[in-house]
Amino acid sequence: MQHKYEILIVDDISENIKVAISILKNENYNFSYALSGEQAVEVLKSKRFDLILLDVMMPGIDGFQLCEMIKNSPTIRDTPVIFVTAKVDVESIERGFKLGAVDYVTKPYRSAELRSRVANHVELYSYRKKLKKDNLKLAHEVKTVKSNYVTSLELIEKEIISMFSAIMESESVETACHISRVANISKQLGRLESHLSPEELNTLCLTAPLYDIGKILIDGSILRKKGPLTDDEFASIKNHPTHAANIFEKSEQKLIKAAKIIAHQHHENYDGSGYPQGLKGDEIHIYARIVAIADVLDTVTHDRTYEEAWSFEKAAKYIIDLSGTKFDPRLVKIFHDHLEVFKEIIEDGVCK
């Protein structure tokens with residue numbers, strides 16, 4: 001079935017409309033008409049057209065005003081407008097083009113000219129609509145492919161993080177629970193911090209469990225040693241943030257990069273006295289500043305090979321006393337203002 005182009009003819013003289021329809025009448029066009037600018041406005045509210053033949057001189061809303069209204073309407077601004085003028089008026093023609101008209105014809109109509117100009121512009125408009133539709137379809141397909149690709153990468157990243165976490169947790173039930181609680185404390189502190197976006201908070205929750213991943217390269221006998229460490233043994237343990245950075249060094253993926261930051265920086269101190277880089281203040285990533293508090297809180301409130309667990313109150317005082325030196329004072333204040341939230345996590349004592 002052959003496509004029918006919809007044409008609107010706007011002219012305050014009905015005879016001119018009849019003449020135009022008579023010249024253009026064939027099986028490819030459907031015609032609508034309006035005898036004033038005001039009528040045209042009403043017609044355009046309920047119907048879309050492939051071309052508008054618009055008389056310039058009309059009482060009330062004239063052709064220039066109507067054209068301007070059309071071009072200011074997002075839904076019909078692309079509809080081609082051909083101005084119809086009774087004489088070759090250069091000033092009027094220039095004004096029409098500035099308002100967005102695509103062409104003009106003069107009255108009385110010359111049949112061949114009118115048919116040719118109308119045919120050219122409805123076909124051109126049809127091609128433009130098809131191109132726009134194809135572009136939208138292509139953009140949607142590209143977006144879908146990109147989304148699927150990104151989703152696949154994120155799934156791969158999550159699987160890698162899960163595997164690394166499993167390696168760390170396999171050492172012992174105590175280690176697994178410690179990692180789980182540190183991740184949970186980090187999540188709660190991240191939420192209360194309130195400056196993290198939902199995406200950033202999700203990244204923190206996924207990657208916090210890998211904060212001590214560098215310890216997989218430390219001699220297990222040192223990690224499990226009961227009693228004080230020698231200087232050499234402590235120096236060996238202090239290398240674990242650097243080991244972690246080396247493990248994740250070559251990845252450019254978002255989650256892996258976040259895991260690297262946390263693992264590399266969680267022993268940095270707010271006053272610059274930490275290791276391995278001696279970072280200070282906001283030079284330390286917010287993720288690492290959060291995990292640093294979570295790690296210490298859970299570590300000191302649970303039995304270690306070299307020291308018995310502290311009470312939550314003692315641990316909280318320790319963290320609060322180190323505000324501005326070891327820990328970010330803003331995060332410590334948040335911790336201080338919500339002690340019951342963190343006490344519940346610690347005293348629950350269950351892996352989450």
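It should be emphasised that the depicted structure is a prediction, and the values quoted were computed from it without experimental measurement. (Residues numbered from 1 in each chain as written. Predicted model: local features only at pLDDT ≥ 70, side-chain atom pairs only at ≥ 80, totals over all residues. Heavy atoms only, no water.)

S.K.: I'd like to hear about the nonpolar core, residue by residue, with values.
M.R.: Formed by 34 residues in total, the largest nonpolar core has its most connected members in Leu204, Leu297, Ile319 and Phe342. For this core, the element with the highest residue contribution is helix α12 (residues 286–300), accounting for 10 residues. Counting 20 residues, the second-largest nonpolar core is a separate cluster that includes Leu8, Ile52, Val56 and Cys67. (Core = buried A, V, L, I, M, F, W, Y, C linked by side-chain atoms within 4.5 Å. Buried < 20%, exposed > 50% of the residue type's maximum accessible area, 1.4 Å probe, protein only. Helix = DSSP H or I, 4+ residues; strand = E, 2+ residues; numbered from the N terminus.)

S.K.: Mind laying out empty space enclosed by the protein, listing which residues take part and the relevant values?
M.R.: Considering all chains together, one arrives at two cavities of 30 Å³ or more under this definition. When contributions to the lining of the largest cavity are tallied by element, the ones reaching two or more residues are β4 (81–85), α4 (90–99) and β5 (103–106). Considering every element that reaches the lining of the largest cavity, the biggest residue donor is α4, with four residues. Of the residues in the lining of the largest cavity, the class split is six nonpolar, three polar and one charged. By volume, the second largest cavity amounts to about 40 Å³. Lining the second largest cavity are Glu268, Asn269, Tyr270, Ile284, Arg289, Ala292, Lys326, Phe327 and Asp328. Among the residues forming the lining of the second largest cavity, the class breakdown is four nonpolar, one polar and four charged. (1 Å grid on protein atoms, 1.4 Å probe; cavity = no way out; pocket = protein on both sides within 12 Å on 5 of 7 lines; lining within 4 Å. Points joined across faces, edges and corners; volume = space filled by probe spheres on them. Nonpolar A, V, L, I, M, F, W, Y, C, P; charged D, E, K, R; others polar.)

S.K.: Please give an account of the packing of helix α7 (residues 198–207) against α12 that cites residues and values.
M.R.: What describes two packed helices is the angle between their axes and the distance between those same axes. Relative orientation of the contacting elements α7 and α12 amounts to 50°, with a least axis distance of 11 Å. Taken together, the axes of α7 and α12 lie oblique to each other. Judged by the twist between their axes, the crossing of α7 over α12 is right-handed. Contacts between α7 and α12 pair Glu200, Thr203 and Leu204 from the former with Tyr287, Ile290 and Val291 from the latter. Each residue belonging to the contact of α7 with α12 can be placed in one class, and the counts come to four nonpolar, one polar and one charged. (Axes fitted to C-alpha atoms, helices over the stretch in contact; angles between N-to-C directions. Parallel < 35°, antiparallel > 145°, perpendicular 65-115°, else oblique. Left-handed = near helix turned anticlockwise from the far one by under 90°. Contact = heavy atoms within 4.5 Å.)

S.K.: Tell me about the layout of surface pockets, and please be specific about residues and values.
M.R.: Looking at the second largest pocket, its volume works out to about 230 Å³. Contributing to the lining of the second largest pocket are Arg48, Phe49, Asp50, Pro74, Thr75, Ile76, Asp78, Thr79, Tyr125, Arg128, Lys129 and Lys132. Residues that form the lining of the second largest pocket fall into these classes: four nonpolar, two polar and six charged.

S.K.: Can you lay out the packing of aromatic side chains for me, pointing to particular residues and giving the numbers?
M.R.: With the rule as written, the count across this model stands at seven aromatic pairs. Centroid distance tryptophan 310 to tyrosine 318: 5.3 Å. Interplanar angle 85°. Geometry classified as edge-to-face. Relative accessible area serves as the criterion here: at 32%, tyrosine 318 is assigned to the partly exposed category. Linked through ring pairs, Tyr5, Tyr29 and Phe31 together constitute an aromatic cluster. Sitting over the face of the ring of tyrosine 275, lysine 238 holds its NZ or CZ atom 4.8 Å from the ring centroid. (Phe/Tyr/Trp six-rings, centres within 6.5 Å; stacked < 30°, edge-to-face > 60°. Lys NZ or Arg CZ within 6 Å of the ring centre and 35° of its normal.)

S.K.: Describe in detail unusual backbone geometry, supporting the description with residues and values.
M.R.: Going from lysine 107 to proline 108, the amide bond is cis rather than trans, its omega being 0°. Of note, the bond from tyrosine 275 into proline 276 is cis; its omega dihedral lies within 30 degrees of zero at 10°. On the secondary structure map, proline 276 appears in the loop between α11 (254–265) and α12. Unusually for a residue other than glycine, serine 194 sits at a positive phi of about 70°. Mapped onto the secondary structure, serine 194 falls in the loop between α6 (173–193) and α7.

S.K.: Residue-level account of the pairing of β4, with values.
M.R.: Most of β4 sits inside the fold, with five of its five residues counted as buried. Judged by which residues are buried, β4 turns out to be covered on both faces: Val81, Phe83 and Thr85 on one side and Ile82 and Val84 on the other are all buried. As judged from the four bridges shared by strand β3 (residues 51–55) and β4, these two strands associate in the parallel manner. Opposite leucine 54, over in β4, you have phenylalanine 83 as the bridge partner. Note on the crossover from β3 through helix α3 (residues 63–71) to β4: the handedness is right-handed. Of the pairings in the sheet, the one linking β4 to β5 comprises four bridges and is parallel in character. Bridged to threonine 85 within β5 is threonine 106. (Pairing = 2+ DSSP bridges. Right-handed = clockwise from strand over helix to strand, strands pointing away.)

S.K.: Report on the pattern of salt bridges, specifying residues and quantitative values.
M.R.: The final tally for this structure, using the stated rule, is 21 salt bridges. For arginine 110, the salt bridge is made with glutamate 113, and the minimal N-O distance between the two is 3.4 Å. On the accessibility criterion, glutamate 113 (18% relative accessible area) is buried. Among the ionic pairs, glutamate 313 bridges to lysine 343, the shortest N-O distance being 2.9 Å. One end of the pair, glutamate 313, is in helix α13 (residues 312–321); the other, lysine 343, is in helix α15 (residues 339–348), and 30 residues separate them in sequence. (Salt bridge = Lys/Arg side-chain N within 4 Å of Asp/Glu carboxyl O.)

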